[in-house]
Amino acid sequence: MARITVPEIKSRKVAQGDSPVVMLTAYDAPGARIADSAGVDIILIGDSMAMVVLGHPDTIHVTMEQMVTHVAAVASTKPNALIVADMPWLSYHLDDADTVRNASKLIRAGAEAVKLEGGQSRLRCIDALMSAEIPVMGHLGLTPQSINRIGGYKVQAKDDDAAKLLIDDAKSLSSAGCFAIVLEAVPKRVAEEVTRAIPIPTIGIGAGSHCDGQVLVFHDLLGLSDRVPKFVRRYANLADDAIKGVSNWAADVRAGVFPSDEESYN
Ligand code: KIV
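Thresholds, definitions, all that
Residues numbered from 1 in each chain as written. Predicted model: local features only at pLDDT ≥ 70, side-chain atom pairs only at ≥ 80, totals over all residues. Heavy atoms only, no water. Helix = DSSP H or I, 4+ residues; strand = E, 2+ residues; numbered from the N terminus. Expected span 1.5 Å × (residues − 1). Buried < 20%, exposed > 50% of the residue type's maximum accessible area, 1.4 Å probe, protein only. Arc of directions from axis to C-beta. Polar contact = N/O pair within 3.5 Å; in protein donor to acceptor, adjacent residues only side chain to side chain. Domains from an automatic or database assignment. Core = buried A, V, L, I, M, F, W, Y, C linked by side-chain atoms within 4.5 Å. Contact = heavy atoms within 4.5 Å. Patch = residues over 30% accessible without salt bridge, like charges linked within 9 Å, V, L, I, M, F, W, Y side chains within 5 Å. Areas by Shrake-Rupley, 256 points an atom, 1.4 Å probe, with all protein chains shown as cover. Salt bridge = Lys/Arg side-chain N within 4 Å of Asp/Glu carboxyl O. Lys, Arg positive; Asp, Glu negative; His and termini not counted. Charge placed at Lys NZ, Arg CZ, Asp CG, Glu CD. Near = heavy atom within 4 Å. Nonpolar A, V, L, I, M, F, W, Y, C, P; charged D, E, K, R; others polar. Pairing = 2+ DSSP bridges. Right-handed = clockwise from strand over helix to strand, strands pointing away.

This brings us to helix α5 (residues 96–108). In an α-helix, one turn spans 3.6 residues; hence positions three or four apart end up facing the same way. The first and last C-alpha atoms of α5 sit 18 Å apart over 13 residues, in line with the 18 Å expected at 1.5 Å per residue. Of the positions making up α5, those classed as buried are Asp98, Thr99, Asn102, Ala103 and Leu106. Buried residues of α5, viewed axially, fall in a sector of 125 degrees; they line one side. At the N-terminal end of α5, a side-chain oxygen is found 3.1 Å from the backbone nitrogen of Ala97, two or three residues along, and the residue is Asp95. Immediately beyond the C-terminal end of α5, within one or two residues, lies Gly110, with a positive phi of roughly 130 degrees.

Looking now at the domain arrangement of the chain. Per the domain assignment, the segments of the chain are domain 1 (6–235) and domain 2 (238–266). The C-alpha-based centres of domain 1 and domain 2 are spaced at 39 Å.

Attention now goes to the nonpolar core. Membership of the largest hydrophobic core comes to 74 residues, with the highest contact counts inside it found for Ile42, Leu106, Met137, Phe179, Leu183 and Ile203. Sequence-distant contacts of Leu183, defined by excluding residues within four places in its chain, comprise Leu140, Ala191, Val194, Thr202, Ile203, Gly204, Ile205, Ala207 and Cys211.

Another aspect to go through is a negative patch on the surface. Taken together, the side chains of Asp159, Asp160, Asp161 and Glu193 make up a negatively charged region of the molecular surface. Its place among the elements puts Asp160 in helix α8 (residues 160–176).

Let us now look at the site of the ligand. Lining the immediate environment of the ligand, one finds Thr25, Leu44, Gly46, Asp47, Ser48, Asp86, Lys115, His139, Val182, Ile205, Val215 and Val217. Between the ligand and the protein, one listed contact pairs an oxygen atom with a side-chain N or O atom of Asp47 at 2.9 Å. Separating an oxygen atom of the ligand from a side-chain N or O atom of Asp86 is a distance of 3.1 Å. When isolated, the ligand has an accessible area of 260 Å², and the protein chains bury 95% of it. Partitioning the shell around the ligand into residue classes produces 5 nonpolar, 4 polar and 3 charged.

Within strand β3 (residues 82–86), 5 of the 5 residues are buried, leaving the element largely enclosed by the surrounding structure. Burial of β3 is two-sided: the residues Leu82, Val84 and Asp86 facing one way and the residues Ile83 and Ala85 facing the other way are all buried. When strand β2 (residues 42–45) meets β3, the two strands line up parallel, connected through 4 bridges. Directly across from Ile43, in β3, lies its bridge partner Ile83. Bridge analysis of β3 against strand β4 (residues 113–115) gives 3 bridges, and the strand direction is parallel. Following the sheet pairing, Val84 is matched in β4 by Ala113. With α5 bridging β3 and the parallel β4, this β-α-β connection has right-handed handedness.

On to the pattern of salt bridges, then. A full pass over the atoms with the stated rule returns 8 salt bridges. The salt bridge involving Glu192 is made with Arg196; its shortest N-O contact spans 3.9 Å. Of this pair, Glu192 and Arg196 both sit in helix α9 (residues 188–197), 4 residues apart, which is roughly one turn of the helix.

On the secondary structure map, Ser48 appears in the loop between β2 and α3 (49–52). In this structure, the C-alpha to C-alpha distance between Ser48 and His219, residues 171 residues apart in sequence, is 9.9 Å. Other than its neighbours up to four places away in sequence, Ser48 contacts Thr25, Tyr27, Thr59 and Val217.

So, in structure tokens, the structure goes:
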């Protein structure tokens, strides 16, 4: 199967008859193998790793070094899916040279594109990344790296002014050359309007069914995290299965029936 590329994703619009983009986060080699074997289009090494893997209360605690390590783990599996890495908080907020240097570390670790949060205030840094031949995915609506300013994980763009600003931001990111835009926690009708307004795919999370694709966090989808936001549908309960498996093993060890002779070197 041909590897999925940035231009292929960039051209996908459901309105023109294309199939929706499927993006899932993964943070390590086993997760990447599962996502790729299931046939997702994009594997995102998201900064949600801070919360679902590293146990932090928000995404702003993950560092460049941690992202690089996990991008390399995902890339080592050589997936068919496109590999996109989140630029962590403060890796693109200082100056353009710093932004490009940080993005280049993610690319050298195996990412094929980066994702960053924000609208028109990010145009300069998107331009710098594009000049360095680094494809950029945008992220609008609820931008978790702004959690301290926003004051909570709330639905965004609820009134007309905020919706208009979001649509303008999406048009600006598209004109700046972004190949796709994540829309997080925005009303369905606003996501639909954005999707109609731009020629690149929108990928929704908590943004309803009118986007050109959907993204979920691996641990939420598979029942490996405690949190179940409204927009998550759980397709498995891996934590329950894992607890059952470990409990059975512990019981066998305590009962003296593990390991068996077949499981030993004679
Ligand atoms: O970090 C992440 O997992 C993300 C997705 C929720 C889009 O940015």
